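Summary of structural features
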Amino acid sequence: MKRIARSTLQTSVNLVFFAVIGTAILSSTYYLTRDTIAATVAQAKLKLVSQLLPPTSYDNDIMQDRHTVAADEMLGTEEATQAHIARRDGKPVAVVLEAIAPDGYSGKIALIMAIHPDGSLGGVRVVSHNETPGLGDYIDIAKQDWIKTFDGRSRSLFSDEMWKVRKDGGMFDYMAGATITPRAVIMAVNRALQYFEAHRDELFVADAQPAKGAAK
Amino acid sequence: MIRLHRFHGGIHPPTHKAESTRTPIMSAPLPAQLTIPFRQHAGEAAKPVVQVGERVLKGQLIGEPVGAISSSIHAPTSGTITAIDLQQIAHPSALPDLCATLVPDGLDEWGVRQTLSYRQLSSDELQKHLRRSGIVGLGGAVFPSDMKLRHPIVVDTLVINGAECEPYITCDDMLMRERAEAIVRGIEILRHALGTDAVLIGIEDNKPQAISAMQRAVDDSSHPFKVIAVPTVYPGGSAKHLIKVLTGVEVPSGKLPTDVGVQCYNVATAYAVHRAVEHGETLVSRVVTVTGNVEQPRNYEALIGTPFSDLVALSIPKADTNRYIMGGPMMGVELPAVNVPLVKASNCVIAASDALFPPPPAAMPCIRCTRCAQVCPVELQPQDLYWFAQSHNFGKAQEYDLFDCIECGACAYVCPSSIPLVQYYRYAKSEIRARDHEKRAADLARERHEFRQFRIEREKQEKAERLAQKERAAAAAKAAAEAAAAIPTPLEPNADAEDTQQMRIDAALARAKEQAATAHPRNTEALTPEQRAEIEAIEVRRAHIHSLAADAGADDEPPKNSQGN
Amino acid sequence: MLSSPFITRPLSVDRIMLRVLYALVPGIALYVWYFGPAILVSIALAVTAALATEALMLKLRDRPLRPFLSDYSALLTGCLIALSIPPLAPWWLPVIGSAFAIAVAKHLYGGLGSNPFNPAMIGYAVLIISFPHEMTHWLSPQGVGQSVLSLGQQLHYIFTSALPAGMQLDALTMSTPLDTLKTQLHLGMTVSDIRDLPIYGRLAGKGSEMVAAGFALGGLYLLVARIIPWQLPLAFLGTLFALSGVFNLIDPTHYAPPLFHWFSGAAMIGAFFILTDPITSPTTARGRIIFGIGAGLLTFLIRTYGGFPDGVAFATILMNMCVPLIDTWTQPRIFGKKKEDKR
Amino acid sequence: MITALWIMVALAALLGMILGYASIRFRVEGNPLAEKIDAVLPQTQCGQCGYPGCKPYADAIAKGEADINLCPPGGEEGIHKLAELLGVEFKPFGENAQPKPKAVAFIDEQTCIGCTLCIQACPVDAIAGAAKQMHTIIASECTGCELCVPPCPVDCISMLPIEEQLTNWKWRYPVYALRQTS
Amino acid sequence: MTDYLLILIGTVFVNNIVMVKILGLCPFMGVSKKLETSLSMGAATTFVLTIASGSSYLVNHYLLGPDLAYLTTLSFIVVIAATVQFTEMVVKKTSPVLYQVLGIYLPLITTNCAVLGIPLLNVQAKHNFIESLLFGFGGAVGFTLVMVLFAGMRERLEGADVPVIFRGTAIAMVTAGLMSLAFMGFSGLVK
Amino acid sequence: MTLTEMKDIAYNGLWKQNPGLVQLLGLCPLLAVSNTLVNAVSLGLATTMVMTFSSATVAPIRSYVPNEIRIPVFVLIIAVLVTVVQYLMNAYLYGLYIVLGIFVPLIVTNCIVLARAESFASKNPVLPSAFDGMMMGLGLTAVLAVLGGLREIVGKGTLLSGIDLLFGEQAKAWVIPVIPDYHGFLLAILPPGAFIGLGLIIAAKNWLDQRASRKVAPRPVAEVLPEAAQG
Ligand SMILES: Cc1cc2nc3c(=O)[nH]c(=O)nc-3n(C[C@H](O)[C@H](O)[C@H](O)COP(=O)(O)O)c2cc1C
Ligand SMILES: Cc1cc2nc3c(=O)[nH]c(=O)nc-3n(C[C@H](O)[C@H](O)[C@H](O)COP(=O)(O)O)c2cc1C
Ligand SMILES: Cc1cc2nc3c(=O)[nH]c(=O)nc-3n(C[C@H](O)[C@H](O)[C@H](O)COP(=O)(O)O)c2cc1C
Ligand SMILES: Cc1cc2nc3c(=O)[nH]c(=O)nc-3n(C[C@H](O)[C@H](O)[C@H](O)CO)c2cc1C
Ligand code: SF4
Ligand code: SF4
Ligand code: SF4
Ligand code: SF4
Ligand code: FES
């Protein structure tokens, strides 16, 4: 009995010793790299945004000028997302929204888009998708420029009828044999624009202040 | 009318029986020289009991049985034994075996013929007589027929095998046509010895003449035997399958027909029994079919030991004949030479040419088409057995019941890839048997080695102990000596000699003790019967080893003496 | 020295394969009738590639060429690959498919008789995941597409991927009936609406239903000639029928009827020619039933819920994986052994 | 950081206790594996493996000290069995350890001087004989280990390969006709 | 309920841990030579993996919380290692043969990436406790399933005339590749 | 550590006992992230780093760790190292970090890391251990590189795509289009391609070994196994 107790204690102490050292090293690394990581993540997002909006078109710190958008069916989101606002001389130039197309060929397609106050699109990008490589993945800017056809489009210029692939009588090109994917993207963007129309004022909150505290 | 049953699979190769049944059985003339192998039956070979140069009479014993499963060998005619040596025989290995060479004197003079009245005989006496007469199963397995009468379980049905399912062979057919009455008398003797009520004689329905001859003989004899026409399908003549067809009973895998109360004899065996009991004739001749690529296919009654070449010459082989097959085309063996002798197992010899039996095309890989499984009468999966056998995976092959395969060849017959399946199975079976043998030898060697080491260890210990004892004694003696002034200490060699003497006695004692200890294994409570049986088997083996080791130990002792000297 | 038996029944592997090839003829003939002769070019390409790869691999493996090249098994593999890909495909499609099937799926395993996976279906699967674009352009049956190509133009397309000026690939090709069904259901149409589309015939796709019937006819010949066991097609088609029947009864607007499933896609050719490949299917009767049921189930699931328009190929190779286990666990009782005695 | 440390300390302490307890509670003695290995070895006791007999070799394998391809009498078959038992890859014999055909020892009775040296060498007591008398080998007990050959002062022991007879004849592996004709 | 069923089907077939997620390959290749061994290994892994995903959920949810996310890997792996070591001792005691057969792979369950991968994926997918358990169990069942199928094929392949340079692991790799090709057929079944 | 020892260790790690081809350990990252050369080499180097340091750490403490917590302690050390690497990558190589995904933390459970800690570092002094860790890591990296290159060429027709993740935008120009106008053979990039590719590489190694062994003439007995000759 005593032997068991001693061995138990010994093992325990031993393990604790290594755990303490390990945790200490790890924690230090974490605290040392934390800020750099936060900065890198923000940088990455900024790079994505810069594809949608020319950096010259705004002058605020777009990463900080943001507010939370509740999950909404029109956006296809299931969790709250962040909307970023680009301003020039204090006046809003565009809002950057996240949306999700739920009905891609193989699941959800995550989108990010910039919308100007007049309802026209600054640009759309696919953030993540599972479409068939070589078939449905032409929506990705890394593969083809198809997604750029959204640049400058708006619902005021083009009626609902036009927000379709050419095959269905709309204005968008598609690749033969893969129409499900573009349909899903077009529909999602169209819906997001509708959401924008309905919530324009909330999105461009005048007093949207730089959010407090750093990103987690 | 009896209801017949079916078994799975089977094939219908062309029978080619008509050729050799056109003429009656002919007596083959006395050959110039006979070669009689001492191994013509399943089990141990017989032991020669005649000398070279000795004159023997027809039917005289020349080889006597050794051990339980064995049988007698007799001189097929009168003449002089000119040699007892290794001769080529009909065996797929083409290896020679011990044979007696007999030069007939032409008199064909019978020795003593002991006739018996079977009704007065007990089964036991009859068995002894059959063993003396060298009666073995003539259906192919040449299993000593007396052994088949020795059964612990009540046998209620006697099945007589007149199926003769293999193509070409007609010796049983002709025998039944011509000597039905004698066969029926033989059957009655076997029935009497077994004490059965029901006797079923199964004959394939492609032998109408044999069926009617047998039916007539049975009717004449007024025995209540049933002659039953069974459907022609290969291998309907296999004992287990014939029993299934006639009685619906399946002989369990790994068991004997007697375990389900059935015994099976071939018609020719019954005939031989009749000759042995009622005429006192030992088994010195048999009917053999000579057919195939010959001008005059027919059946001969020929003496055991007759060179096949003599028989074939009688039927005149055609020019393109290039090999000979003993037995049927499905299960026979190719003869290593045409002059090897006829044995009790030889029911047929087929002259073959490439036109008659075209050599099979090159084997292709198995395509798992399962045609083989569809025809396998044992319902095995031949394609799996083949897969394991060809990759030397014997454990798996055994797991898939390789040893239930009766080597009938139906699978190879239908295989579209022309794979020599049966040969693969035979290969795997012999390998497994050899391995089992090796395994047993290894176990034995381990025990012997362990015992030896144990003995050496013990002897060392004992020696050390005695040395210590001696030292103590010496010290004591020294002390005593010192006390009692200077008396010379005893000489070392003397002590040593004494010691070895003592040691030997001790060793013997210890050995006896040890034997007593190991003979009764501890830990024997709550064992299953199998475990008990196993332990018992081990004990037997161990006792054997110990007795050997004890002998060796006895031999061991002199060296110590010599050292001592 | 030879060992017994000394006689054999005159049947051989090449004759079996040849009969299977004969049985494909009605289906192919109807294919040509409804879709034009492009398929023959495709078959020729696939077969040539299959035989060439077979010869190359035999050479590399140091095995005799003649017996294996003349056993027709590579020919059969090539044919089945050609039949499972769109006929108006660039030439390299059937070539890559056959080469992969023969080299990797067959010869790396030791060639005829040793391959665990159905080579043709492996070839198909490789093609559909690698070249989904090329693999989804099927020729419209004659009279349905907007324009028709002459044989010369088709050949030109196959070898250069160039269409006559002004012609769109879309105008010639369409998705298969199964694919269209899936796409349109996705867009919210009902089964009956969809089946009113011009590409559908009485049972399934116009033209393709007749081709399926042709294969079924050939399959029946194979059944009667005892080349293939009955359990496989029966279990497969039965399961497919039962499942689609139940779903169709519950919700006819979203689930196609059983006969539609039978006569579209590769169901018929699969049931009689593909699942029945003796080398890659189980050898026991019970095993074959399990195999057929499994394949039917998977085919239905993939067709109804999966990412690929037809599921026969994937169902086949998925079930191929299970064959060794099925065989092991369905060993039949042998003569003289009771059920309980079994291992 | 402090919380992190505390959490890890707690986790480590708890798990350490469990493991420390288990290590005592579930301790195993002996090596049942060695016996399994020994059962696979041929028991020729020849020492060609470099160990004094089969059992020591088995122990060495079980301890992971010896390779599985050292026993020539076991043949490739034996290595396969060991590989299977131990779940490792098959390994062919090294160049110096090739199996020889099976043989039994034979004592030339004319030359034997009855020195008993061979008796002492034989690991399985397969030699019978008394001092200064001619010795014989019990062929059925001899494992063919050759250990009796070197000690013999007059070189009267020779190893006779076991010849094929009707009783130990084996069916051959069918020659694959396809490979022949190629 | 159907959600849970879908998770199970999804992890076993559609997102099979070995064939699709490419985790746990070393034991998959190493212990699949014999059918029986692979079954035992599957059982051991299922045991460890289910416990690991459950306990790591608890650790993550109650001990770490969002502030200490950087400790996830460290704490998970310590918990898993302890579980495995414990299992190892128990197996060694209770079944020496199994212990020998599983050989180096038993301690290596710790380093079966799947055992850490699944808890990490659990965290990523924000599964609740039951879902985490099911995900772990399903993943392990999927692992066992493919390993057993693979072992069946490898046993059969033993008798095949595979080209010499492909014998052993090379052909096993190719077979695994064709299996994963087959598993692609499930894609899209559960989104 | 003598030169021959070093040579032996290097030969073992890079060829004879190569983790990816012979020991079949560390397969998951090997197969999962070898779709491009850049991914493959990056993960390989990260693994090598971890292995070198973990072996170097395990070796000095090996005699102080009781048996029953051997594995937890080794794993703990590895986990700390990996997490450190992970944070460094996250901070300074973000794009690559995203691409390699879950496989960075999974270096912890990469079998080969623990296997070397267990079978080599726990029995040898620091220097050889570190060297062994490095060589094993490099062996794995080499296989990763070959497989990654092969898959990238066959699958995409390029080499070094994604190099910009490591070296920034300007590196985009370094991408080599090996086969211009290539259709792409997706199989090579998908998991089946990884397995089959590795199978082919193993076969190639077997082939090379086979050829090499045919060239070497059999050596005399005593030279091969001096110990056995004595024993
Ligand atoms: C394996 C496979 C993957 C596919 N992947 C996609 C895809 O990612 N996106 C897509 O829109 N269509 C995809 N398709 C094609 C759809 O099945 C369908 O044919 C197509 O979207 C309908 O196009 P159509 O209306 O031009 O005929 C895929 C088809 C197959 C066989
Ligand atoms: C090893 C062995 C032992 C046998 N023992 C008996 C026996 O004790 N009693 C008996 O009636 N038959 C015995 N038989 C004979 C069988 O019952 C059977 O009749 C004989 O093997 C011939 O059968 P056929 O070749 O089907 O092969 C034995 C056969 C063999 C091979
Ligand atoms: C495949 C096969 C076919 C057989 N065919 C016959 C046959 O046609 N006639 C026959 O008497 N024995 C045949 N036998 C032998 C019988 O099984 C059995 O040995 C014999 O009937 C027993 O009688 P016996 O001891 O009197 O010879 C065959 C055996 C096998 C394995
Ligand atoms: C009834 C039958 C069906 C066959 N089906 C196929 C098949 O679906 N795919 C294939 O590649 N080969 C098939 N074969 C040909 C052959 O069996 C196949 O190439 C082998 O798998 C190659 O080893 C078939 C052969 C027969 C007799
Ligand atoms: S030889 Fe054996 S496997 Fe073949 S059919 Fe006859 S019993 Fe069945
Ligand atoms: S008949 Fe021949 S080819 Fe067909 S499964 Fe049997 S052994 Fe294989
Ligand atoms: S080499 Fe000899 S002593 Fe060693 S294991 Fe083999 S038979 Fe036994
Ligand atoms: S007699 Fe000689 S060869 Fe035979 S076992 Fe004894 S020592 Fe070995
Ligand atoms: S299991 Fe070994 S690296 Fe994944």
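Residues numbered from 1 in each chain as written. Chains lettered and ligands numbered in written order. Predicted model: local features only at pLDDT ≥ 70, side-chain atom pairs only at ≥ 80, totals over all residues. Heavy atoms only, no water.

1. A few points about the pattern of salt bridges
Residue and element names in this part refer to chain A.
- Per the stated rule, a full pass over the model turns up 54 salt bridges over all chains.
- One salt bridge connects K108 with E78, and the closest N-O pair in it is separated by 3.4 Å. In this pair, K108 sits in strand β4 (residues 107-115) while E78 sits in the loop between β1 (66-69) and β2 (81-88), placing the two residues 30 residues apart along the sequence.
- By relative accessible area, which is 43% here, K108 ends up partly exposed. (Salt bridge = Lys/Arg side-chain N within 4 Å of Asp/Glu carboxyl O. Helix = DSSP H or I, 4+ residues; strand = E, 2+ residues; numbered from the N terminus. Buried < 20%, exposed > 50% of the residue type's maximum accessible area, 1.4 Å probe, protein only.)

2. Looking at the interface of chain B and chain C
- Every contact between the two is made by 53 residues of chain B and, on the other side, 40 residues of chain C.
- Summing both partners gives a buried area of about 4,000 Å² for chain B against chain C, and 58% of it is carried by carbon and sulfur.
- Joining chain B to chain C, the criterion identifies four salt bridges.
- Where chain B touches chain C, the interface holds 18 residue pairs in polar contact (both at pLDDT 80 or more).
- Elements that contribute at least two residues to the side of chain B that touches chain C include exactly α4 (239-247), β15 (323-326), β16 (333-334), α8 (382-390), α10 (410-414) and α11 (421-483) of chain B.
- Here the residues of the side of chain B that touches chain C are counted per class, giving 30 nonpolar, ten polar and 13 charged. (Contact = heavy atoms within 4.5 Å. Buried area = accessible area lost by both parts, 1.4 Å probe. Polar contact = N/O pair within 3.5 Å; in protein donor to acceptor, adjacent residues only side chain to side chain. Nonpolar A, V, L, I, M, F, W, Y, C, P; charged D, E, K, R; others polar.)

3. A few points about the arrangement of the chains
- A minimum C-alpha distance of 31 Å separates chain A and chain B, which share no contact.
- Separating chain B from chain F is a minimum C-alpha gap of 20 Å, and the two share no contact.

4. Some thoughts on a nonpolar patch on the surface
Residue and element names in this part refer to chain F.
- Taken together, the side chains of V154, I176, V178, I179 and Y182 define a hydrophobic patch exposed on the protein surface, amounting to about 350 Å² of accessible area.
- Within the secondary structure, I179 is located in the loop between β2 (176-177) and α10 (186-189).
- Residue classification places I179 among the partly exposed residues on the basis of a relative accessible area of 34%. (Patch = residues over 30% accessible without salt bridge, like charges linked within 9 Å, V, L, I, M, F, W, Y side chains within 5 Å. Areas by Shrake-Rupley, 256 points an atom, 1.4 Å probe, with all protein chains shown as cover.)

5. Section: the site of ligand 4
Residue and element names in this part refer to chain C.
- Residues in contact with ligand 4 amount to 21 residues; listed here are only the nearest, T77, N115, N118, F273 and D277.
- When ligand 4 is considered free in solution it has 540 Å² of accessible area, and contact with the protein chains removes 100% of it.
- Elements represented by at least two residues in the shell around ligand 4 include exactly α1 (13-35), α4 (73-84), α6 (119-130) and α15 (267-274).
- Looking at side-chain class alone, the shell around ligand 4 contains 13 nonpolar, six polar and two charged residues.
- Of the residues that make up the shell around ligand 4, three or more belong to each of domain 1 (14-174) and domain 2 (175-329). (Near = heavy atom within 4 Å. Domains from an automatic or database assignment.)

6. Description of the packing of aromatic side chains
- Within the structure shown, the criterion is met by 31 aromatic pairs over all chains.
- Ring centres 5.3 Å apart and planes at 55° place the aromatic pair Y31(C) and F35(C) in the tilted group. Residue Y31(C) and its partner F35(C) are both found in helix α1; the two are separated by four residues, about one turn of the helix. The same class applies to Y31(C) as to F35(C), namely buried.
- Counting every residue linked through ring pairs, the aromatic cluster contains Y138(A), W146(A), F150(A), W163(A) and F172(A).
- One cation-aromatic arrangement involves R153(A) over F172(A); the distance from NZ or CZ to the ring centre is 5.5 Å. (Phe/Tyr/Trp six-rings, centres within 6.5 Å; stacked < 30°, edge-to-face > 60°. Lys NZ or Arg CZ within 6 Å of the ring centre and 35° of its normal.)

7. Details of the nonpolar core
- Counting residues in each nonpolar core, the largest one holds 309 residues, and the members touching the most others are L24(C), F273(C), F28(E) and L198(F).
- Counting residues per element, this core draws most heavily on helix α5 (residues 70-92) of chain F, which supplies 16 residues.
- Ignoring any residue separated from it by four or fewer positions in sequence, one finds L24(C) in contact with L76(C), C79(C), L80(C), L83(C), F215(C), I269(C) and F273(C).
- I135(B), I325(B), V343(B) and I7(C) belong to the second-largest nonpolar core, a separate cluster that totals 86 residues. (Core = buried A, V, L, I, M, F, W, Y, C linked by side-chain atoms within 4.5 Å.)

8. A word on α4(B)
Residue and element names in this part refer to chain B.
- Burial in α4 covers these residues: H241, L242, I243, K244, V245 and L246.
- Contacts from the buried residues of α4 go to β9 (157-162), β10 (198-204), β11 (226-230) and β12 (262-266).
- One or two residues past the end of α4 sits G248, with phi positive at roughly 80°.

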